[in-house]
Each structure stands twice: as structure tokens, then as C-alpha cells.
Amino acid sequence: MDKIVVEGGVPLRGSVDVSGAKNAALPIVAAALLAEGDHVVRNVPDLADVRTLGRLLAHMGCQVERNAGERRALGIRVPSAVTPEAPYELVKTMRASVVVLGPLVARWGQARVSLPGGCAIGARPIDQHLKGLTALGAEIRLEHGYVHAFTPRGRLEGTVFTFDGQTVTGTENVMMAAALAEGETVLRNCAREPEVKDLADALVGMGALIEGAGTDEIWIEGVESLRPIDHTVIADRIEAGTFLVAGALPGGDVVVKGAVPAHQEALVEKLRAVGAEVKEVPGGLRVVGDGRPRPVDVRTQPHPGFPTDMQAQMMVLLCLADGTSRITETVFENRFMHVQELQRLGADIAVDGKVALVKGVPRLEGAPVMASDLRASAALVLAGLAAQGSTEIQRVYHLDRGYERIEEKLAPLGARIRRVKA
């Protein structure tokens, strides 16, 4: 099993490029199931999760490959008939696989999809996906760990549906299904994340009639058929945010090329509050870490609030603050598993339920640590960069699910970081 070794204590300086957004690419690739033919999705990161979804589509009978002439483009050939099944062996490693459910039941009238797996960061039920599809006229059965969905009337029917709580993949799944439903659908209390808007833009490019994506109410007029995708995925705001935090570490000066300022407003507000200088530059954002950070309070919320996917990385910065910070996690109930690993590096953190009190220390010290989930992995890399001495991070397969060759991106900034192959 690979590990990453970081020799810390060197401030990062230079520029780094942001890859395409994994959380936008996955549902857009799944949306290819809505139309027969040859699809092209551009700016797709080369990540384990993307490869897993490619294997899943191949299992259904599609052809998925990287375009020889454009490395970041993914070509997908969808045949006239597919096997509408997502088996446990593939779905168990990646919760986002569930986004094939909506396209399958909308286009082929049936689907058999395993209940999802993924990071162990708390319960992430798909009940809102199933309630939304049921409202569109699908019949749902749960049997032996699988969701069986079918359309007894032959085609889904437009409806008005309000999500009980904001769910990104739930909004995406139901929106994709409604794109081929008969009549008008209004979805309320929708997730407002940029990835939802990017998927809607891709669907509109396929011929779908969608308005309001990016707000809490989405209107969809169903069409009988869609054409193949040709779409460029947005930049990954969480990877960009991770690099912004890296630049905000004491002594840092980093330009994050591809960072979209509108996607980073909540994070930038907190970075400025800790004393970092953040400003827009052509094509991205520049962050300068100005000495020891000041303490701040952080509360995770759905977009446009502070993203839960940046909580662990922000915690690393606050571990070095001159004072005590309070982090409240409201999105997932089990997302402080990185705390005990940060404590191994010398962090002073106390957790009480959904709240972590982070008492800043003058320095962290390198130690062997183990990643528990995707964003915790990134946080441990940041902590290793800030720590004095050597930090060895085990179980980096979590990291590879969401960050494209992070060690190769950080090394030109001065990071002493290397991957050790198993």
C-alpha cells in the first residue's frame, strides 16, 4: 500500500494548477447514459473514483477511454441498449456511483443499483433520491442490498417535489431523471453547489430544458430524447481550497491557478480572518500566509456556506493559531476522525459531539499517521508540510480518490514530499 512522506517546515511558494472537479465530473459522466452515441467530457481528473465509474459504465456495456489527443478528455460511447445494473463490487468503493440510478430508470425504465459505500464519515442515506424518483412515478423496491427501480407507465412523469434536506447527489439524480420525464418538474429545496449547476449546464448542452440550477428551486421541462455530451468540467473548488490553505500556512505565498473566486467566498472570508492575504489574480487567486494565524470560529454548512469538505484542512491551519478556535460540523456526524491523527503531530484539539475546540500550538512535529477518509488525507498532507521533521502518511488510497497526483503538484512549490510505492 502506497504512503506519502513529507519533510515539513518549508513554506510553500509558487503557483499550482487546479484539476477538473471530481464531484462535477462524476455525475456528468453518468449523464452520458441519458443519450445514445459518442460523448466527450473534458477537463476530467485522472482519479480513482473516475476510473471506478468508467469500469461501472463498461460493465453496463459502454466504452470509456481517455482521448489520445486530449489527455484530460474522456470519451464515452453509449450503445442502444445497456445492462442497467450497478453491482456492489463497484459501487461499494464510491458512494457517487448512485448517480447512475436516475439516468438508468429515466432512459431504460429500470435499474438495479447497489446501495452505496465510500468514505466512512457518517450516514449519507439515499432516501431523498428514492423519494424524488418515486414522485416522478418510479416504483422502488429494496432487496438484498440493491435498489430496484422501474417505470410501470413506461416513462417518468413530471411532478413537484421538495427535498426534505439539501442533498447534492440527490438533486443531481432527480434532475437527470426529470430531464427525460413527460411534462414539467419543479424541484424545491435543492442543493446549490456549483457542481449541480455544472451538471445542469451539461444537460442543457444535451438538449434538456432546465432553469434555476444553482438556486434552491429548479424547473425542468422534460424532453423525449437528448443528444450526446460535449462539455468541459469546472475546476475543483475543494482541491483549490486545499491549495489556498497550504499557501496560508506561515510563510506561504501561492497562486492557485484555476481557482474560481465565486466558489471560494466562504473559505476566503475565513482565510482573511486568520490574517492571510487573499486577492484575485488573472486566472485564479493568490494567498500569502502572514505569520502565525489568528483563531477563528468555523461552522460547516451547505453551499454557499463553509464547505464540510474543507473542515479538516482548515483545522490544520487553526492548529497553529495564536489562540483557541471553535469548529462546528453540521453536515456529517462523524467527520472528526482526523483529530486523533493531528494530535499525534502535537495538535491540541478537544472534541465534544459536533464541536471541536482547537487550541493553537507554536509548532507541529512530524510523526507516522493514518488517513481515515479523503479530506482527512489532504489535511494530513498539509499538517506534514507545516510540521517540523518527517511525517509518514499511510492509506493514501483515500487521497487518490480526490486529488490528482498531489505530491507532483506540491513539489514545485518547494514541498519536500514524495510517494513511496508499496
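All of these numbers come straight from a predicted model, not from anything done at the bench.

Thoughts on the overall build of the protein
Here's step 1: Per the secondary structure count, the protein includes 14 helices and 24 strands.
Here's step 2: Compactness check: the protein gives a C-alpha radius of gyration of 21 Å against a globular reference of 22 Å for 422 residues, within 12% of the reference.
Here's step 3: Dimensions of the protein, computed from C-alpha atoms along their principal axes, come out at roughly 65 × 45 × 45 Å.
Here's step 4: When the 422 residues of the protein are sorted by exposure, 57% land in the buried category.
Here's step 5: In the protein, the proportion of contacts linking residues at least 24 apart, taken out of those at least 6 apart, comes to 74%.
Here's step 6: When the accessible area of the protein is evaluated, it comes to approximately 16,000 Å², of which 47% is carbon and sulfur surface.
Here's step 7: The average position of the 47 basic charges and that of the 52 acidic charges among the side chains of the protein differ by 5 Å.

Side note on the nonpolar core
Here's step 1: Counting residues in each nonpolar core, the largest one holds 76 residues, and the members touching the most others are V100, M175 and L203.
Here's step 2: When residues of this core are assigned to their parent elements, the largest contribution, seven residues, is made by helix α1 (residues 22-31).
Here's step 3: Setting aside residues no more than four positions away along its own chain, M175 makes contact with L187, V196, L199, A200, L203, I210, I218 and I220.
Here's step 4: Membership of the second largest hydrophobic core comes to 71 residues, among which are A248, A259, A347 and L385.

Observations concerning the UniProt feature "binding site: UDP-N-acetyl-alpha-D-glucosamine" (unreviewed entry) in the protein
Here's step 1: The positions that UniProt labels "binding site: UDP-N-acetyl-alpha-D-glucosamine" (unreviewed entry) are, in the present scheme, R95, R124, P125, I126, D127, Q128, D309 and V331.
Here's step 2: By the element assignment, R95 lies in the loop between α3 (88-91) and α4 (101-108).
Here's step 3: Among the residues examined, R95 registers a relative accessible area of 12% and is labelled buried.
Here's step 4: Tracing the sequence through the fold places I126 in the loop between β7 (110-114) and α5 (127-135).
Here's step 5: Discounting residues that sit within four places of it in the chain, I126 has contacts with R95, V98, L115, P116 and V147.

Re the packing of aromatic side chains
Here's step 1: With the rule as written, the count across this model stands at one aromatic pair.
Here's step 2: Considering the side-chain rings of F161 and F163, the 5.0 Å spacing of their centres and the 85° angle between planes classify their relative orientation as edge-to-face.
Here's step 3: Taking NZ or CZ as reference, R112 lies 3.7 Å from the ring centre of Y146, over its face.

Some remarks on the environment of P362
Here's step 1: With respect to the element layout, P362 can be found in the loop between β21 (355-359) and β22 (368-370).
Here's step 2: Taking C-alpha positions, P362 is 9.7 Å from G346, a pair spaced 16 residues apart along the chain.
Here's step 3: For P362, the contacting residues outside a window of four places in its chain are R292 and L320.

Quick word on the pattern of salt bridges
Here's step 1: Counted by the stated rule, this structure contains 27 salt bridges.
Here's step 2: Note that K279 and E277 form a salt bridge whose closest N and O atoms lie 4.0 Å from each other.
Here's step 3: Residue K279 is classed as partly exposed on the basis of its relative accessible area of 36%.
Here's step 4: By relative accessible area, which is 43% here, E277 ends up partly exposed.
Here's step 5: Its salt-bridge partner being E407, residue R419 comes within 2.9 Å of it at the nearest N-O pair. With a gap of 12 residues between them, R419 in strand β24 (residues 416-420) and E407 in helix α14 (residues 406-410) connect regions that are remote in the sequence.

Cut-offs applied
- Residues numbered from 1 in each chain as written.
- Predicted model: local features only at pLDDT ≥ 70, side-chain atom pairs only at ≥ 80, totals over all residues.
- Heavy atoms only, no water.
- Helix = DSSP H or I, 4+ residues; strand = E, 2+ residues; numbered from the N terminus.
- Rg over C-alpha atoms; globule rule 2.2 N^0.38 Å.
- Buried < 20%, exposed > 50% of the residue type's maximum accessible area, 1.4 Å probe, protein only.
- Contact = heavy atoms within 4.5 Å.
- Areas by Shrake-Rupley, 256 points an atom, 1.4 Å probe, with all protein chains shown as cover.
- Lys, Arg positive; Asp, Glu negative; His and termini not counted.
- Charge placed at Lys NZ, Arg CZ, Asp CG, Glu CD.
- Core = buried A, V, L, I, M, F, W, Y, C linked by side-chain atoms within 4.5 Å.
- UniProt positions renumbered as here; feature names shortened; annotations may be inferred.
- Phe/Tyr/Trp six-rings, centres within 6.5 Å; stacked < 30°, edge-to-face > 60°.
- Lys NZ or Arg CZ within 6 Å of the ring centre and 35° of its normal.
- Salt bridge = Lys/Arg side-chain N within 4 Å of Asp/Glu carboxyl O.

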